[in-house]
Amino acid sequence: MNMSLPLPGEVGRAGGPQDAASPHADTAHRRSGVPAQIDRRALPTRADHDAEANCMVEMASRDDAAATSGERTSPLRRIAMPALAALLLVLAWFAVSRLAANVSYADIRSAIDSTGALALIAALAFTALSFAALTVYDLSALAFVGRRLPLPVVALTSFCAYAVGNTVGFGALTAGAIRYRFYTSQGVEPEEIAGIVTFVTLAFGLGLAGVAGAGMLVAGGELAGLLSAPAARLLGGAVLLALAGLVLAAGDGRTLRLFSRDWRLPSRRLMLRQFVATAVDVSASAAVLWALLPTGSASLPAVIALYAVAVGLGVLSHVPAGLGVFETVIVAGLGTRAGVDAVLGALVLYRVIYHLVPLVLAVLAVSALEMRRVVASPLAALALRAATRMAPPTIGAFTMVLGAVLIFSGVTPVGEASLTLLSAWLPLPLVEGAHFLGSVLGVVLLLVARGLVFRLDGAWWLAMALVPLSMVLAMAKGVAVGEVVLLATLLTGLIASRRVFSRPASLLHQALSPGWLAAMGTLIVTAAALLFFVYKEVAYSHELWWQFELSKEAPRSLRAMIGILLTAGFGAGWMLLRPSVGAAARPTRQELDQAMRIVAAQPRTEACLVAMGDKSLLFSADGRAFIMYGRQGRSWVALSDPVGPRECWPELVWRFVEMAGRAGGRAVFYQVAADSLALYADAGLMAFKLGEEARVPLAEFDLHGPRRAGLRQAINRGEREGLEFSILPPAAVPAHLAELAEVSAAWMAYHKVREKRFSLGAFDPDYLQGQPVALLRRGGRIVAFANLLLTELRDEVSIDLMRFVPDAPNGVMEVLLTRLLLHYKDAGHATFNLGMAPLSGLSASEAAPVWHRVGRAVFEHGERYYNFAGLRAFKSKFRPDWRPRYLAVSGGLNPMLALTDITVLIGGGLKGVIGK
């Protein structure tokens, strides 16, 4: 990651020019451009939050500047990654078809049918062992970050995460994304979750390499299809030596310098435990495939080594579930020893036993917990909460898999026994129609699956209609009892989890991400490859399309494939090319009045910034809550959490994410609190720490003791300078606006800054008249002022603008702030919000995410551009409680691009950023 420091000319309200004084150094900083050094007379303002944005401006390359000019992602760019995955898949299936040139579909069916019961039982047992070992991954990762959760809950989370991730494995359906959804609801910090996911990923990668190395060392001679025996043994030995060196270097958890970076290693004990768990996991999962191969066709070490390589290449291909890539490697490595037909039959059974069976069990487990709404113990209640978090991705993934089953069923023969039974009971048109419609419904279920993952009520209702219909069609097209059982399991899960799917959003308006497009492309390419393989001996002719006979399987499958392609093309095209949402409108006077009534009943004073009228508003369906947001480039930026009753937040968050997606943009939530991160995780967003907010408990604030000596001295010095403190009520503000405007103009001219917008206020008469204004006078002349943000709950107080004349006495803002804290303590308010210290509180650990390490480096060494450490030190004088604040956005480059857009949004455009 390439990160540059903020541009010196970008100024904010935090210690610098724009409002060198706002105690909401975050109001200033979290709401402006790049701050300058803190003036010795001023307390940085809300601009502090925005230091973070400006510090990250240069993290994106100059080539991304188009994003800030409002350019939307084109459909061509959105399908580039799925197209690449589809191309790799086509090549993989082409390789498989060449390897299986002399094998027929009947040969594979025969190989499957000849698999004995003992082999199936052994494969199931090895699957159970593998998933048991996978639980150790999460336990070790939690130990690494210093967290403890009950074993049954961790086991349930791990099982569901891997059941979904192994089978689907993209976007919101990766094991890491599912962990994030659950662990955020348990109060685990996002940076800790990042550590957990990183630990699990590296543990699996290193363990996979170790198992592959051991297999090559032991059975190198059996891998002639891929490597010569000496080369395999040499490579395997080198891998094992490297891993042994890593274990020896670990000690009790030392730091290792590698690739110009510091890596904090787990303790040797933890590392060895995890290596054992990974070895058991990979060996057991490889043994599933080995048990399904013909007896004596290959040794277990050889299969383990080949399996590890195949899994690694499948992961690197970015094809969902490694479909096609994994099969190609296995067939190439084992086809000459066991027979291609036997290997392909074993692979089909492997996919069913290791992927489908655990997913079915995960759905049943979630359904059983959801149906048990009355729980008797705290542990059972925690397990129920875990099931509730797991239900949407688990049921959504299962829906997607069943959609794939219906698609593959549509392009493969039914079987003579089923056809004989159908001919006696159903007319041909009904069989033909059921076959075609069943395949089409498979594609529709793929689209419905995404809505289920994100808890859309429309997706649930549509699934409730489609699943029973698909059950009927499965019987009518081929007496597919297995499909009916799977669909019945899905129906049970949907009914049991009804309350989870509560988001009232349009299914037709959801935007397909590249991951979903890649998954759909993978399934359709696989279906086409399967069609051509099954009927490769049938000569194509135009007459095939019009042959309607019960025994004519090829024409029926060909028509089903066309229906699949047309349905998928129409659905994906609609979601990619539908009209976008128009420009966001500024709120009307009526909407502002409604928003201010909501704000008055809330404890959070930052919501008072809605009065500026420069942000668009999205109200909840019942009008009791709202989100205030702005648009810049592709970023739809919501300022902080929703405002209003908390029960209204989930609906608002999802509607905002959906609205941004419909417009081809990215949804961003700026400065959100830690206790709301689970909401954003549910919407598929990730959290990135911006800094820490300083909140002073007023009941504990006083000027006594040695720690308050500096504040006492400031007050005494102010009295000697003749500074007089007072607060103007809103009704008295208009009479003093002219003098306040002179102070503001002098302050801005002295600091050479412009007014900022969005996340902080500006000197606007209408805005200032809505709240009290604190003054410091000297000889009757106003020398400093600050406008206050309060609500009717008398819970929190904060400040937006803080400005003073250039000839004001030193420490004038320290005096004003101390007086305000004492005043509102006496008035009975609970807390005083000093705003955010940007980049503060980021982890210094070598194991911390890159975001933390870069931000920490800027915090410690960026004083040339802005006194980050000095700002935190200033606020620390008041002994505040520090609370983290986050940016919630999707991953990848989106955090950096979003912060770039936020900086421009706060500056009022690129000109505002460059010109302060």
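Look above for the structure.
Not measured: the values here are computed from a predicted model.

### Some details on the pattern of salt bridges
All told, the structure shown has 23 salt bridges when counted by the stated rule. Residue Arg556 pairs with Glu432 through a salt bridge whose shortest N-O separation is 3.4 Å. Here the residue Arg556 occupies a position in helix α22 (residues 553-577), and Glu432 occupies one in helix α18 (residues 428-453), the gap between them amounting to 124 residues. Given the relative accessible area of 9%, Glu432 is considered buried. Residues Lys615 and Asp614 are paired through a salt bridge, measuring 2.6 Å at the closest nitrogen-oxygen approach. With relative accessibility at 2%, the residue Lys615 sits in the buried group. Taken together, the shared-partner salt bridges connect Arg604, Glu606, Glu693, Arg695, Glu796 and Arg885 into one network.

### Brief notes about the nonpolar core
Counting residues in hydrophobic clusters, the biggest one holds 161 residues, and the most contacted among them are Ile330, Phe398, Leu452, Phe656 and Phe669. Looking at this core element by element, the count peaks at 15 residues for helix α15 (residues 340-371). In this structure, Phe398 is in contact with Leu356, Leu359, Val360, Val363, Leu486, Thr489 and Leu490, ignoring residues within four places of it in sequence. With 82 residues, the next largest nonpolar core counts Met748, Val805, Leu817 and Val889 among its residues.

### Details of the side chain of Thr394
If you trace the backbone, Thr394 turns up in helix α16 (residues 378-410). Excluding residues within four positions of it along the chain, Thr394 makes contact with Cys160, Val164, Leu359, Ala362, Val363 and Val366.

### A closer look at the packing of helix α8 (residues 151-167) against helix α9 (residues 175-185)
α9 packs onto α8 with a crossing angle of 145° between their chain directions and a minimal axis gap of 8 Å. The element α8 and its partner α9 pack so that their crossing is right-handed. Residues Val153, Val154, Thr157, Cys160, Ala161, Tyr162, Val164 and Gly165 of α8 touch α9, and the partners they reach there are Ala175, Ile178, Arg179, Phe182 and Tyr183. A breakdown of the residues in the contact of α8 with α9 according to their chemical character gives 10 nonpolar, two polar and one charged.

### Concerning unusual backbone geometry
In the Ramachandran plot, Gln671 falls in the positive-phi region, its phi being about 70° despite a non-glycine side chain. Tracing the sequence through the fold places Gln671 in strand β6 (residues 666-673).

### Focus on helix α13 (residues 300-317)
Relative to the 26 Å expected for 18 residues at 1.5 Å per residue, α13 spans 25 Å between its end C-alpha atoms, a close match to the ideal helical length. Looking at α13, one finds that the buried residues are Ala302, Val303, Ile304, Ala305, Leu306, Tyr307, Ala308, Ala310, Val311, Gly312, Gly314 and Ser317. Directly beyond the C-terminal end of α13, a positive phi value near 65° is found at His318.

### Concerning the packing of helix α14 (residues 325-338) against α15
Relative to each other, α14 and α15 sit at 140°, their axes nearing to 8 Å. Classed by the angle they form, the pair α14 and α15 counts as oblique. Considering the relative orientation of α14 and α15, their crossing is right-handed. Residue-level inspection shows Phe326, Glu327, Ile330, Val331, Leu334, Gly335 and Ala338 of α14 in contact with α15, the latter providing Val340, Ala342, Val343, Leu344, Leu347, Tyr350 and Arg351.

What counts, and where the lines are drawn
- Residues numbered from 1 in each chain as written.
- Predicted model: local features only at pLDDT ≥ 70, side-chain atom pairs only at ≥ 80, totals over all residues.
- Heavy atoms only, no water.
- Salt bridge = Lys/Arg side-chain N within 4 Å of Asp/Glu carboxyl O.
- Helix = DSSP H or I, 4+ residues; strand = E, 2+ residues; numbered from the N terminus.
- Buried < 20%, exposed > 50% of the residue type's maximum accessible area, 1.4 Å probe, protein only.
- Core = buried A, V, L, I, M, F, W, Y, C linked by side-chain atoms within 4.5 Å.
- Contact = heavy atoms within 4.5 Å.
- Axes fitted to C-alpha atoms, helices over the stretch in contact; angles between N-to-C directions.
- Left-handed = near helix turned anticlockwise from the far one by under 90°.
- Nonpolar A, V, L, I, M, F, W, Y, C, P; charged D, E, K, R; others polar.
- Expected span 1.5 Å × (residues − 1).
- Parallel < 35°, antiparallel > 145°, perpendicular 65-115°, else oblique.

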